[in-house]
Amino acid sequence: MFVKEVEVQNQVGLHARPATFFIQKANEYRSTIWVEKDERRVNAKSLLGVLSLGIVGGTVIKIRADGIDEKAAVDNLVSLIESGFAD
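Now for a look at the structure at hand. Everything quoted here is computed from the prediction, not taken from an experiment.

Here the focus is the overall build of the protein. The helix and strand tally for the protein stands at 3 helices and 4 strands. Reading the protein from its N terminus to its C terminus gives the helix and strand order β-α-β-β-α-β-α. For a compact globule of 87 residues, the expected C-alpha radius of gyration is about 12 Å, and the protein comes in at 11 Å, within 12% of that figure. A buried classification covers 43% of the 87 residues belonging to the protein. Within the protein, counting contacts between residues at least 6 apart in sequence, those at least 24 apart form 70% of the total. Counting only carbon and sulfur atoms, one obtains 49% of the accessible surface of the protein, whose full area is about 4700 Å². The average position of the 11 basic charges and that of the 12 acidic charges among the side chains of the protein differ by 3 Å.

Here's what the structure looks like:
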C-alpha cells in the first residue's frame, strides 16, 4: 500500500474534463487505486465515484494504491493533480 496527500491546484477541481483525464490515467495502472476526501474513499477508476466526492480547487485529497505498480500510480496521479491537469 502506497499513499500520498495532494492539494488540487486547478480551480474547478475534479469535475467533468479533469476527472475524465484523471480516470483515464488511473486506468493505465494495474493496481487498485482510491481517492479519499475527508472520510470518504472511492475507486479512482470510477467517474461517478470521483465526481461524487465534489472535489474543488484547494481541497486536499489522498491517493492510495495497492498492487504491483502502486508507487508509480500514486506518484503519476499526484503529479497530474499538481500540474493543474496541464498537458
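Its location among the elements puts threonine 59 in the loop between α2 (47-52) and β4 (60-66). The class for threonine 59 is buried, based on a relative accessible area of 15%. Residues within four places of threonine 59 in sequence aside, it is in contact with Val6, Glu7, Val8 and Lys37.

Time to look at the nonpolar core. Ranked by internal contacts, the top residues of the largest apolar core, which has 25 residues, are Phe22, Ile33, Val35, Ile61, Ile63 and Ile81. Counting residues per element, this core draws most heavily on helix α3 (residues 70-82), at 6 residues. Contact partners of phenylalanine 22, with chain neighbours within four places excluded, come to Leu14, Val35, Ala44, Ile63, Leu77, Leu80, Ile81 and Phe85.

Spatial ordering of the open sheet is given by β1-β4-β2-β3, a layout of 4 strands whose pairing is antiparallel. Bordering the open sheet on either side are β1 (2-7) and β3 (40-43), each of which pairs with just one other strand. Across this sheet, the average inter-strand angle for adjacent strands is 25°, counted without regard to direction. Two strands pair when backbone bridges link them, and strand β2 (residues 32-37) and β4 are joined in this way by 5 bridges, in the antiparallel orientation. Directly across from isoleucine 33, in β4, lies its bridge partner alanine 65. Across the sheet, α3 is in contact with β1, β2 and β4; its angle to β1 comes to roughly 0°.

Moving on, we get to the pairing of β2. Judged from the 4 bridges that link them, β2 and β3 form a sheet pairing that is antiparallel. Bridge pairing links glutamate 36 to arginine 41 in β3. In this antiparallel pair of consecutive strands, β2 and β3, the connection spans 2 residues, and aspartate 38 shows a positive phi of 55°.

Parameters and conventions
- Residues numbered from 1 in each chain as written.
- Predicted model: local features only at pLDDT ≥ 70, side-chain atom pairs only at ≥ 80, totals over all residues.
- Heavy atoms only, no water.
- Helix = DSSP H or I, 4+ residues; strand = E, 2+ residues; numbered from the N terminus.
- Rg over C-alpha atoms; globule rule 2.2 N^0.38 Å.
- Buried < 20%, exposed > 50% of the residue type's maximum accessible area, 1.4 Å probe, protein only.
- Contact = heavy atoms within 4.5 Å.
- Areas by Shrake-Rupley, 256 points an atom, 1.4 Å probe, with all protein chains shown as cover.
- Lys, Arg positive; Asp, Glu negative; His and termini not counted.
- Charge placed at Lys NZ, Arg CZ, Asp CG, Glu CD.
- Core = buried A, V, L, I, M, F, W, Y, C linked by side-chain atoms within 4.5 Å.
- Pairing = 2+ DSSP bridges.
- Axes fitted to C-alpha atoms, helices over the stretch in contact; angles between N-to-C directions.

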